[in-house]
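Residue-level structure breakdown
One letter stands for each residue in the lines below.
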Amino acid sequence: MRAAVLHEIGQDKLEVLDDVEAVGFGPGKVRIRVRATGLCHSDVSAMSGVLPQPAPFIPGHEGAGEILDVGDGVTGLSQGQRVLLCWLPACGSCPACKRGQTQLCLAGFMNAGVPNFKRPGGDVFGFAGTGTFTEEVVVDAGCAVPIPDDVPFDIAALIGCGVTTGLGAAINTAKVEAGSSVAVIGCGGVGISAIQGAKLQGAAQIVAVDPVESRREAALKFGATEAVAPDALADAKQRITGGEGFDYVFEVVGKSATARTAYETTRRGGTLCVVGAGALDDFLQLNMFELFFDEKRILPSMYGGGDVLRSYERAIALWRAGRIDLESLITHRVPLAGINEALEQMRTGAALRTCIEI
């Protein structure tokens, strides 16, 4: 079968091969025919080494498709069923799951170290235990979440990661209050979803911050009340908040420099929500006095900061009701053979989300 493979960490292009086999099918597993997958910035970060991932590997974790086969012991799933892929399934029995913090379950991360593909030359890993830049993938049954028939594969794929992460950051983690002021730094697919989440929560001012003009223009269509380049953020803070700072600031880039800017843009007593996934060796510096004196809440948001299955259902309900726009998030579409074109679209900021149709 065909799949897009990264041979070594640090390479900037993928090779589309036709000698890849999905392996590991058996009890508790399902085999899925991938129909659509989104290119998320986390895929690019794993390719560059910012996020830890053994190689060679197949990127992709934001996907949807249909079940080809179901292993022994799997209940609630059947051949032909339409599903989205959850890259961070909850085991239901660990301390985090029992506390209701299923997004912190480590069971899914254990899958990342087990190869679920192979080639004639050896084992191949799937990013985050999935690997959706391929025609077929074998995953734990908990990774396959049924979707209603009226949800297209491309929309379901977005809900599988970017939409859930951005919406959840605003709704679950930060709990944006009506009438508040918000700034979102980084307006790709996740940042735009955070903007839509802040709008749903009733924020009065939502400032989108991004260096790419086309993304700033798009942010206004999704609910931002103003969109500025990074060098104009200080002026927006002064004009909109009288210099005090925003009630909520979302950092959706994953770099210490932008997180520091986000901290300085947050008002005293306000909330900084860290959504971007950054590198292990990139440290955010804060002094002990400002931590005490400013009393700013620093809230990381992992996968939307809530139960992902409930978050999926909420996103579908909001999309059906016309309260969120998911179709317009997909600005580009390419076949699997055009995966490197999709990577370039992300790196240049030309795309909010590129859908790879398989």
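These figures come from a predicted structure and were not determined experimentally.

**Topic: the overall build of the protein chain**
Each helix and strand in the protein chain was counted, giving twelve helices and 19 strands. Computed over C-alpha atoms, the radius of gyration of the protein chain comes to 20 Å, within 12% of the 21 Å expected from 2.2 N^0.38 for 358 residues, which places it in the range of a compact globule. In terms of its C-alpha atoms, the protein chain occupies a principal-axis envelope of roughly 60 × 40 × 40 Å. The burial tally for the protein chain puts 54% of its 358 residues in the buried class.

**Focus on the environment of valine 16**
Checked against the element boundaries, valine 16 lands in strand β2 (residues 15–17). In this structure, the C-alpha to C-alpha distance between valine 16 and alanine 337, residues 321 residues apart in sequence, is 6.4 Å. Among all residues touching valine 16, those that are not within four sequence positions of it are Ala3, Ala4, Leu336, Ala337 and Ile339.

**Re the domain arrangement of the protein chain**
Interface size, as often reported, equals the accessible area lost upon joining of the parts. When the domains of the protein chain are assigned, the result is domain 1 (3–161 + 306–357) and domain 2 (166–300). Centre-to-centre separation of domain 1 and domain 2, based on C-alpha positions: 27 Å. Counting from both sides, the interface comprises 18 residues of domain 1 and, opposite them, 21 residues of domain 2. Overall, the association of domain 1 and domain 2 removes approximately 1,500 Å² of surface from exposure, summing both partners, and the carbon and sulfur fraction of that is 60%. Of all residues in domain 1, Arg314, Leu329 and Leu352 bury the most surface against domain 2, accounting for 32% of the area lost on that side. Along the contact surface separating domain 1 from domain 2 lie five residue pairs in polar contact (both at pLDDT 80 or more). Those elements giving two or more residues to the side of domain 1 that touches domain 2 turn out to be α11 (308–320) and α12 (339–348). Broken down by element, the residue count for the side of domain 1 that touches domain 2 peaks at four residues, all from α11.

**Details of helix α8 (residues 233–241)**
When α8 is considered as a whole, its buried residues turn out to be Leu233, Ala236, Lys237 and Thr241. Across the axial projection of α8, the buried residues extend over an arc of 105 degrees, all falling on one side. Structurally, α8 contributes buried residues whose contacts are with β12 (181–185), β13 (205–209), β14 (226–228), β15 (246–251) and α9 (256–265).

**Quick look at the side chain of serine 256**
Along the chain, serine 256 falls in helix α9. A polar atom in the side chain of serine 256 sits 2.5 Å from the side chain of aspartate 282. If near-sequence neighbours (up to four positions away) are discounted, serine 256 is found in contact with Asp282, Phe283 and Leu284.

**What about the sheet that holds β14?**
Taken together, six strands build an open sheet; the order of strands is β14-β13-β12-β15-β16-β17 and the sheet is parallel. The open sheet terminates on both sides in strands that have one partner only, identified here as β14 and β17 (297–300). The mean inter-strand angle of the sheet, taken between neighbouring strand axes irrespective of direction, is 20 degrees. When β12 meets β13, the two strands line up parallel, connected through five bridges. In the sheet register, isoleucine 185 faces β13, and the bridge partner there is valine 209.

**Quick look at the UniProt feature "domain: Enoyl reductase (ER)" (unreviewed entry) in the protein chain**
In this structure's numbering, the residues bearing the UniProt feature "domain: Enoyl reductase (ER)" (unreviewed entry) are residues 10–352. Taken end to end, residues 10–352 comprises 31% helix and 24% strand; its first and last C-alpha atoms sit 23 Å apart.

**Concerning the packing of aromatic side chains**
The full count for this structure, using the stated rule, is three aromatic pairs. A centroid spacing of 4.7 Å and a plane angle of 25 degrees characterise the contact between tryptophan 87 and tyrosine 303, whose relative ring orientation is stacked. One end of the pair, tryptophan 87, is in the loop between β7 (82–85) and α2 (95–98); the other, tyrosine 303, is in the loop between β17 and α11, and 216 residues separate them in sequence. Of the two residues, tryptophan 87 and tyrosine 303, neither departs from the other in class, the shared state being buried. Ring centres of phenylalanine 289 and phenylalanine 293 lie 5.1 Å apart, and the angle between their planes is 15 degrees; on these two criteria the pair is classed as stacked. Taken together, the positions of phenylalanine 289 and phenylalanine 293, both in helix α10 (residues 288–294) and four residues apart, correspond to about one turn of that helix. When its relative accessible area of 55% is taken as the criterion, phenylalanine 289 is described as exposed. On the accessibility criterion, phenylalanine 293 (40% relative accessible area) is partly exposed. Taking NZ or CZ as reference, arginine 82 lies 4.5 Å from the ring centre of phenylalanine 153, over its face.

Rules and cut-offs
Residues numbered from 1 in each chain as written. Predicted model: local features only at pLDDT ≥ 70, side-chain atom pairs only at ≥ 80, totals over all residues. Heavy atoms only, no water. Helix = DSSP H or I, 4+ residues; strand = E, 2+ residues; numbered from the N terminus. Rg over C-alpha atoms; globule rule 2.2 N^0.38 Å. Buried < 20%, exposed > 50% of the residue type's maximum accessible area, 1.4 Å probe, protein only. Contact = heavy atoms within 4.5 Å. Domains from an automatic or database assignment. Buried area = accessible area lost by both parts, 1.4 Å probe. Polar contact = N/O pair within 3.5 Å; in protein donor to acceptor, adjacent residues only side chain to side chain. Arc of directions from axis to C-beta. Pairing = 2+ DSSP bridges. Axes fitted to C-alpha atoms, helices over the stretch in contact; angles between N-to-C directions. UniProt positions renumbered as here; feature names shortened; annotations may be inferred. Phe/Tyr/Trp six-rings, centres within 6.5 Å; stacked < 30°, edge-to-face > 60°. Lys NZ or Arg CZ within 6 Å of the ring centre and 35° of its normal.

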